[in-house]
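Okay, here's what each chain looks like letter by letter:
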Amino acid sequence: MPLAIHCAGNGGPEQLVVVPVEVSSPARHHVRLRQTAIGVNFDDVYNRTGLYPLPSLPHGIGQEAVGVVEEVGEGVTGIQVGDRVGYAIAGAPGAYATHRCVEAWRCVPIPRGIDDVNGAALLLKGLTAEMLVRRVWRVGPGQRAVVHAAAGGVGLLLCQWLRHLGAQSFGVVSSREKAEAAQAHGCHHAIVEGEEDFVACVRAATKDKGVDVVYDSVGLLTLMRSLACIRPRGMLVAYGNSSGAPLPLDLLELSRHGSLFCTRPSLSDYTRTVQELQRAAQALWTVVQQGAVKPPPITTMPLIDAAGAHRFMEDRSRIGAIVLLP
Ligand SMILES: NC(=O)c1ccc[n+]([C@@H]2O[C@H](COP(=O)([O-])OP(=O)(O)OC[C@H]3O[C@@H](n4cnc5c(N)ncnc54)[C@H](OP(=O)(O)O)[C@@H]3O)[C@@H](O)[C@H]2O)c1
């Protein structure tokens, strides 16, 4: 019997419960997948807590998975039964499941040489990194960037991709172990927040010039201080809220820090068409296959322990990504 994890209500990880489900044949333009590896993302925590509300409660949860196509709906072209595909953001959350129907156009082939677990650790986080370094801000040789949560799932990919593009990164992390992990994944200067002040470190290392771009996924605890790291006319990219939603930003702050730009990108808005999605996935698989960007360290856990995976996601001890196995 197919199983899924439902979020029963907003609250702690105990809200994630295992339920038997029926998965019908795929509707027009959809495919049905037998899922083999499911990526856990911090955004799933926001859905569970209610920061990013689910469409209703109880509701399925999870945004990405890799699996095998079991059945194709009417009108689907380019995907066949037996294909190995992955998706990252495909309609409402519901990826924590053994089987699922999703819109066919949201599926991307997983190249040979990337196994299902690595695919599920790479797809959503890697597409996010692609969006951040190639499209939200075009990173080039000689640029400097601050990466918050540099030893997290997205952070380790971001550090590697920045180095690949010839940029220097300052990675902010919460422990020495994480600092070592970030450096082992291409980060040039790791800063252990708590032991050091990241603004002071960045300003000193750049001789007070500041960096071109800050990638801030931590939000509440860091966003305002991130502004002080940026050179005039540089960019603040606020793309997450792992410490809580940031306080409202006074536009005059952007002027005070030197005519800064600020954006709040979402992967869904950067993969709005099949062409955008496929181009982004192609860019990701290219850097992975070149060996320039390696998958992060992965902890696998059983799907039925999704609650445990969320506890691990939130306790800040983790390095890299978590993948659930059905
Ligand atoms: N905008 C988008 O489209 C998009 C897409 C994907 C992901 N994201 C965002 O990108 C970020 C990274 O996602 P991820 O899945 O790879 O997660 P992650 O970075 O692996 O985990 C979150 C990290 O945030 C840091 N953190 C700081 N304060 C925290 C707190 N109070 N509680 C828990 N963690 C805290 C921790 O690193 P330290 O302990 O080193 O501080 C933790 O490892 C998240 O904020 C996510 O929402 C955004």
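Above this text you will find the structure in question.
My aim in this report is to walk through the structure given alongside it, one point at a time.

Cut-off values and rules
- Residues numbered from 1 in each chain as written.
- Predicted model: local features only at pLDDT ≥ 70, side-chain atom pairs only at ≥ 80, totals over all residues.
- Heavy atoms only, no water.
- Helix = DSSP H or I, 4+ residues; strand = E, 2+ residues; numbered from the N terminus.
- Rg over C-alpha atoms; globule rule 2.2 N^0.38 Å.
- Buried < 20%, exposed > 50% of the residue type's maximum accessible area, 1.4 Å probe, protein only.
- Contact = heavy atoms within 4.5 Å.
- Areas by Shrake-Rupley, 256 points an atom, 1.4 Å probe, with all protein chains shown as cover.
- Lys, Arg positive; Asp, Glu negative; His and termini not counted.
- Charge placed at Lys NZ, Arg CZ, Asp CG, Glu CD.
- Near = heavy atom within 4 Å.
- Polar contact = N/O pair within 3.5 Å; in protein donor to acceptor, adjacent residues only side chain to side chain.
- 1 Å grid on protein atoms, 1.4 Å probe; cavity = no way out; pocket = protein on both sides within 12 Å on 5 of 7 lines; lining within 4 Å.
- Sits in = over half its atoms within 2 Å of the grid points.
- Nonpolar A, V, L, I, M, F, W, Y, C, P; charged D, E, K, R; others polar.
- Pairing = 2+ DSSP bridges.

**Re the overall build of the protein chain**
In step 1: Across its full length, the protein chain carries ten helices and 16 strands.
In step 2: The globule rule puts the C-alpha radius of gyration for 326 residues at 20 Å, and the 20 Å found for the protein chain is close to it.
In step 3: With the C-alpha coordinates aligned to their principal axes, the bounding extent of the protein chain is approximately 60 × 40 × 35 Å.
In step 4: Taking all 326 residues of the protein chain together, 55% fall into the buried category.
In step 5: At a minimum sequence separation of 6, the contacts of the protein chain that also span at least 24 residues come to 69%.
In step 6: Of the roughly 13600 Å² of accessible surface on the protein chain, a fraction of 53% belongs to carbon and sulfur atoms.
In step 7: Where the 30 positive side-chain charges of the protein chain centre and where its 29 negative ones centre are 7 Å apart.

**Some remarks on the site of the ligand**
In step 1: Lining the immediate surroundings of the ligand are 28 residues, of which Asp43, Ser174, Lys178, Leu267 and Arg318 lie closest.
In step 2: A distance of 3.0 Å separates an oxygen atom of the ligand from a polar side-chain atom of Ser242.
In step 3: Separating an oxygen atom of the ligand from a side-chain N or O atom of Arg318 is a distance of 2.7 Å.
In step 4: Protein chains shield 93% of the accessible area of the ligand, which is 910 Å² for the free molecule.
In step 5: Judged by the fraction of its atoms near the pocket grid, the ligand is located in the largest pocket.
In step 6: For the shell around the ligand, the secondary structure elements donating two or more residues are helix 1 (42–49), helix 2 (116–136), helix 3 (153–164) and helix 10 (306–314).
In step 7: The element that contributes the greatest number of residues to the shell around the ligand is helix 1, accounting for three residues.
In step 8: Considering only residue class, the shell around the ligand consists of eleven nonpolar, eleven polar and six charged.

**Some details on the environment of Gly219**
In step 1: Take Gly219: it is sitting in the loop between strand 12 (211–216) and helix 6 (223–227).
In step 2: With relative accessibility at 1%, the residue Gly219 sits in the buried group.
In step 3: Remark: the alpha-carbon pair of Gly219 and Ser243, spanning 24 residues in sequence, is separated by 6.0 Å.
In step 4: Each residue touching Gly219, except ones within four places of it in the same chain, is listed here: Gly240, Asn241, Ser243, Gly244 and Pro246.

**So, the sheet that holds strand 1 (residues 3–7)**
In step 1: The three strands are arranged 2-1-4 in an open sheet whose pairing can be described as antiparallel. The two strands at the open ends of the sheet, each matched to only one other strand, are strand 2 (16–20) and strand 4 (59–60).
In step 2: Where strand 1 lies against strand 2, five bridges are found, and the strand directions are antiparallel. Counted as the bridge partner of Leu3 is Pro20 from strand 2.

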